[in-house]
Amino acid sequence: MEINVFDSRKEMGETAAKAVEERILKVLEEKESVRIVFAAAPSQNEFLAALRNSSKIPWEKVTAFHMDEYVGLSKDSPALFSNFLKEKLFDKLPFGKINLIDGNKNPEEECDRYASLLHQAPIDLVCMGIGENGHIAFNDPPVADFNDSKTVKMVALDPVCRQQQVNDGCFSALEEVPSHALTLTITALLDTAYICCVVPGKNKRHAVTDTISGPIDTQCPASILRVHANCHLFLDIQSYPEILEPIDKDESIGIDCLTGKLSVYKSSGIFFTTSIKPSKKQLNDHFFIGPGLVDLQVNGVNGIDFNDPNLSVSDIESASDFLLSKGVTTFFPTLITNEDQVIISILSTFKEACENNLLVASCIGGIHLEGPFISSEEGAKGAHNPKFIQKPNWDLLSKFQDASGGRIKLITMAPELDNAFSFIKKCCDNGIKVAFGHSNAAMEDLEKGVEAGASLSTHLGNAVPLMLPRHPNILWDQLSLGYLHASLIADGFHVPDSFLKVVLKVKGEKAFLVSDATKFCGMPPGEYNTHIGDEVILSPNGKLSLKNGNGLLAGASKTLLEGIEYLIEKKLEDLSMAWKMASVLPAAFLGIGFQKPDDKVDLVVFRFFDNKKIKIFHVIKDGMVFNN
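Throughout, a residue's number is its position along its own chain's written sequence, starting from 1. Restriction of local features to residues with pLDDT of at least 70 applies here, the model being predicted, together with a cutoff of 80 or more for giving and counting side-chain atom pairs; totals for whole chains, interfaces and linings are based on all residues. Working from all heavy atoms in the structure, the side-chain values ignore hydrogens and water.

Caption draft 1: Summary view of the pairing of strand S18 (residues 328–336). Here the term buried applies to any residue with accessible area under 20% of the maximum for its type, exposed to any over 50%, and partly exposed to those in between, with areas from a 1.4 Å probe on protein chains only. Here a helix means four or more residues in a row that DSSP labels H or I, a strand means two or more in a row labelled E, and each is numbered from the N terminus. Counting buried positions along S18 yields eight of nine residues, so the element is predominantly enclosed. In terms of strand pairing, strand S15 (residues 293–298) meets S18 through four bridges, oriented parallel. Within S18, the position partnered with Asp295 by the bridge is Phe331. Note that S18 and strand S19 (residues 367–370) share three bridges and pair parallel. Bridging across to S19, Thr334 finds its partner in His368. Should DSSP find at least two bridges between two strands, the strands are regarded as paired.

Caption draft 2: Representation of the nonpolar core within the structure. Put simply, buried Ala, Val, Leu, Ile, Met, Phe, Trp, Tyr and Cys residues joined by side-chain atoms within 4.5 Å make one nonpolar core. By size, the foremost hydrophobic cluster in this structure holds 149 residues, and its most contacted members are Ile136, Ile224, Leu225, Ile564 and Trp579. Within the second largest apolar cluster, 45 residues are counted, among which are Ala17, Trp59, Leu73 and Phe84.

Caption draft 3: Region of the structure containing the environment of Ala442. Position of Ala442 among the secondary structure elements: in the loop between strand S21 (433–436) and helix H14 (443–452). On a C-alpha basis, the gap between Ala442 and Leu475 in space is 10 Å, while along the polypeptide they are 33 residues apart.

Caption draft 4: Quick peek at the sheet that holds strand S8 (residues 180–184). Strand order across the open sheet formed by three strands is S4-S8-S7, with antiparallel pairing between neighbours. Of all strands in the sheet, those bounded by a partner on one side alone are strand S4 (68–70) and strand S7 (152–156). Taking the axes of each pair of neighbouring strands and ignoring which way they run, one obtains an average angle of 20° across the sheet. Where S7 and S8 come together, five bridges link them in antiparallel fashion. Opposite Val155, over in S8, you have Ala181 as the bridge partner. Note on definitions: angles span 0 to 180 degrees between N-to-C directions of axes, and those axes are lines fitted to C-alpha atoms, for helices only across the stretch in contact.

Caption draft 5: Just the packing of helix H13 (residues 420–429) against H14, in detail. Running from amino to carboxyl end, H13 crosses H14 at an angle of 30°, the nearest separation of the two axes being 8 Å. Considering their axes alone, H13 and H14 lie roughly parallel with respect to each other. With respect to the hand of their crossing, H13 and H14 are arranged in right-handed fashion. Where H13 approaches H14, its residues Phe421, Ile424, Lys425 and Cys428 are matched on the opposing element by Asp445, Lys448, Gly449 and Ala452. Roughly parallel means an angle under 35 degrees; roughly antiparallel means over 145; roughly perpendicular covers 65 to 115; every other angle is labelled oblique. Handedness of a crossing is defined here by the sense of rotation of the near helix relative to the far one, left-handed for an anticlockwise turn of less than a right angle and right-handed for a clockwise turn. Residue contacts are defined here by distance: any two heavy atoms, one from each residue, within 4.5 Å place the two residues in contact.

Caption draft 6: Expanded view of the sheet that holds strand S11 (residues 251–256). What the seven strands build is an open sheet, ordered S13-S12-S11-S14-S28-S29-S30; its pairing is mixed. If you trace the sheet from one side to the other, it starts and ends with strand S13 (271–273) and strand S30 (624–627), each paired once. Across the sheet, the mean angle separating the axes of adjacent strands is 35° when strand polarity is ignored. Strand direction decides the pairing type here: strand S29 (residues 614–621) and S30, joined by four bridges, are antiparallel.

Caption draft 7: Representation of the pattern of salt bridges in the model. Just to be clear on terms, a salt bridge is a Lys or Arg side-chain nitrogen sitting within 4 Å of an Asp or Glu carboxyl oxygen. Applying the stated criterion across every chain yields a total of 15 salt bridges. Between Arg226 and Glu251 there is a salt bridge, with the nearest N and O atoms lying 3.0 Å from each other. Of the two residues, Arg226 is situated in the loop between helix H7 (205–213) and strand S10 (231–236) and Glu251 in strand S11; the sequence distance between them amounts to 25 residues. Given a relative accessible area of 12%, Arg226 falls into the buried group. With its nearest N and O atoms 3.0 Å apart, the salt bridge here joins Lys425 to Asp429. Placement of the pair is Lys425 and Asp429 together in helix H13, with a separation of four residues, close to one helical turn. Owing to a relative accessible area of 45%, Lys425 belongs among the partly exposed residues under this scheme.

The following block contains the structure:
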């Protein structure tokens, strides 16, 4: 926002008019006509008088609108804003076209009619003021909406706003002021390339203070003008505050990576998205903001293996910190097939970590049990130890759940096993989501599993036999089951781009990303030994393979953030959808939800560079800021 202060109202009005004149001429260098919205209020008198005297503006090329009108006033009332503008401007100059709001017609029909006129072409300029209660047009604090879905609407006027009309001499008493008006919404007002805002007088000083230095909030609707890329504020010495409190340092403007619109966020985690499109300069200057990433499959990170019997509480705390640094604010530690007592011991460690550390408890959205109820077939079992694979066993799962303190929220299993369907139903009845994975089930078993309550395909495309019939096979069958969500590993190694394309096309917003990260995620390239004795090679490109396995994968080593980058780099998705697949969509699967207005949410603040790389600067988790 550019702020201009003048010693007199006359100088203020003349300078604002000169700025608008220059803007009109600039627009007409590129277009045959210019479309302008005007405010009607005594505060605009000096500006309108100076604009009326311009000798340079070709008014026949100007299409005019006004921004609000009372409901129910007689057509000859001098208080009508249309009559005000006729007297001050519209009847004095040869406008190409003048579009007026009629407050005596059916309000709903008139709002639609006027909105359709506004939508015929972009609005090039908006010339406005600010009300004593901070309103812009008639968007008073009780009805102001920074992301309004409407263009024109009927509103009830705030008592402070109605009293201002008396203070301005438009009415002699408060009871004469209409109770309702039709107004352009904030969305409509800010959907323009240029705003000239003229605000004189001591009665406006408080509103100007809140506009310039208060929080961006609907309690002062004009505060949203700070977000606009090209807003020019013209004040006289009486309206300009002598002392300005500093703008909230915890409040910043960024770009919502999901909508592409400008947003306001605070370090506490409160944020809201506006309807304002960023300018090219803002795209380069502002950070992007996205909801915290959600990873439902993490076997370990940064040298820490969640399946190591020696896993400690401090290991879990370190892993949580590492994941936060990569934008993951919610994750599911994933335990694979192992000896029963080892699983119980590890689950007990997670329980202790969550009970002793509130941040860890908040980051761990649940525990993902991947096995031991899976197929023992080659390929389908993946890297799971066949020695510990077993049939579904509710009593055993109950022991696991007790050890975890009730934190098991997702289980991956093979539906072709004995007792699978009753087991699936019991899981779902007890708040545990069920996924298909490490399986070579026939269509009949998949369908019965879905009927029992299964809702996800774990890392679809992986953990199946190396040789499959053309059709039917477990991949096509799972794709055909519309109820199933699908998690995907997008690291360039686990499945080819063509398969990702097919799944994304078929599953749509039921497809989301997981990392399936192992302890080698975050570690430098090299050769390593695992706690179960296998030797693996971590290549510089991130591929993790068995040293003696002829290139066979030994797991994943990339973060969820790198999965987002991969989708963008390969042009499989844009930033908005790729981020959504790693945050909103898995959260929706879990029923967590995101982006409720004025709620505290987990946020990631980042830059997105031309090379398709993402650099995280801040992560906000439970109102705490973690800087990278």
